[in-house]
Every structure is written in C-alpha cells, then in structure tokens.
Amino acid sequence: MADLVPALVVLAPVVALLGVFIVVLAQGKAAAARDRARSVERLARVERKLDALLRHHGIDAAEPELPQILEHLRQGRKIHAIKAYRDQTGATLADAKATVERLAAEHGL
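All values derive from a computational prediction rather than experimental measurement.

Conventions and cut-offs
- Residues numbered from 1 in each chain as written.
- Predicted model: local features only at pLDDT ≥ 70, side-chain atom pairs only at ≥ 80, totals over all residues.
- Heavy atoms only, no water.
- Helix = DSSP H or I, 4+ residues; strand = E, 2+ residues; numbered from the N terminus.
- Contact = heavy atoms within 4.5 Å.
- Polar contact = N/O pair within 3.5 Å; in protein donor to acceptor, adjacent residues only side chain to side chain.
- Buried < 20%, exposed > 50% of the residue type's maximum accessible area, 1.4 Å probe, protein only.
- Arc of directions from axis to C-beta.
- Axes fitted to C-alpha atoms, helices over the stretch in contact; angles between N-to-C directions.
- Parallel < 35°, antiparallel > 145°, perpendicular 65-115°, else oblique.
- Left-handed = near helix turned anticlockwise from the far one by under 90°.
- Nonpolar A, V, L, I, M, F, W, Y, C, P; charged D, E, K, R; others polar.
- Salt bridge = Lys/Arg side-chain N within 4 Å of Asp/Glu carboxyl O.

Student: Explain the side chain of His72 here, please?
Tutor: Relative to the assigned elements, His72 resides in helix 2 (residues 67-74). Residues in contact with His72, not counting those within four places in the same chain, are Arg77, His80, Ala81 and Ala84.

Student: Would you mind going over the side chain of Thr99 with me for this structure?
Tutor: Examined against the element boundaries, Thr99 turns out to sit in helix 4 (residues 93-106). At a separation of 2.9 Å, a polar atom in the side chain of Thr99 contacts the main-chain carbonyl oxygen of Asp95.

Student: Before we go on, may I ask you to explain helix 2 in this structure?
Tutor: Since the α-helix turns once every 3.6 residues, residues separated by three or four places project in the same direction. What helix 2 keeps buried is the set Ile69, Leu70, His72 and Leu73. What you see down the axis of helix 2 is that its buried residues fit within an arc of 160 degrees, all on one side. Residues of helix 2 that are exposed and point more than 90 degrees away from the buried face comprise Pro67 and Arg74. Contacts made by the buried residues of helix 2 are with helix 3 (78-89) and helix 4. Residue Gly76 follows helix 2 closely and has a positive phi angle near 75 degrees.

Student: Please explain the packing of helix 2 against helix 4 as it appears in this structure.
Tutor: When two helices pack together, their arrangement is given by the angle between their axes and by how far apart the axes lie. The geometry of helix 2 relative to helix 4 is characterised by a closest axis approach of 10 Å and an angle of 70 degrees between their N-to-C directions. With respect to their mutual orientation, helix 2 and helix 4 come out roughly perpendicular. You can see that helix 2 and helix 4 cross each other, and the crossing is right-handed. Here Ile69, Leu70 and Leu73 of helix 2 lie close against helix 4, whose contacting residues are Val100, Leu103 and Ala104. Broken down by class, the residue content of the contact of helix 2 with helix 4 amounts to six nonpolar, no polar and no charged.

Student: Whenever I open this one, the pattern of salt bridges confuses me. Can you help?
Tutor: Two side chains carrying opposite charge are able to pair once their charged atoms lie near each other. According to the stated counting rule, one finds seven salt bridges in the structure shown. Of the charged contacts in the structure, one is a salt bridge between Glu101 and Lys78, with a shortest N-O distance of 2.7 Å. Placement of the pair is Glu101 in helix 4 and Lys78 in helix 3, with a sequence separation of 23 residues. We classify Lys78 as partly exposed; its relative accessible area is 37%. Note that Lys97 and Glu101 form a salt bridge whose closest N and O atoms lie 2.7 Å from each other. Of this pair, Lys97 and Glu101 both sit in helix 4, four residues apart, which is roughly one turn of that helix. The network of salt bridges with common partners includes Lys78, Lys97 and Glu101.

Written as structure tokens, this is what we have:
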C-alpha cells in the first residue's frame, strides 16, 4: 500500500486536470453550436429583408437558368449537376443539392 501512495499523489492531479479539460472542451463545443445557430438565424433574417426590398422595388431576383446544370440533369447526371452548380455559385453541398433537385422538378427531369 505504501508503494501506491506516491503513484496516487502524482495520478490524482493528472486525472483532475483531464476532467477540467473535458468540461472546458464540452463548453466550447456548446458555445460554438449556439453561435452557429445564431448566425443561421441572423442570415435568414437578412435574406427575408432582402427579399422584401426586392419585391417592394419590383426587382426580379430569380435564380438564373444554368444551361450546364440542366444539360447534366437531362443526361441523368445529378451528381455532376450538383458539382457544376457548386462550382458556378459557391453554394454549399446541401444548398446545391436542394437547388438542383428543385430545378429538376421544375423542368420535369
């Protein structure tokens, strides 16, 4: 038992420090998730305001038809269409997929 005391004296602060590290890491991840949620909410609010301004001034801001994307869809190459849309617009994968699927539905492809 006497041999274990020095090891426990050294090990106890290491375990405590590890526990503190885990708590701090978890709090940081939670804060990042809250910040992301706030950013998404703020962006949506800005987009709604921009849409209202465009409507008020009679500006049509519809997405341009992208012939290359439509051609990929006509050939049944949805993944290529999504990649081309992302390359041309800088959209995220999720946004590009949603837009390409919407375009395919609108054009019956």
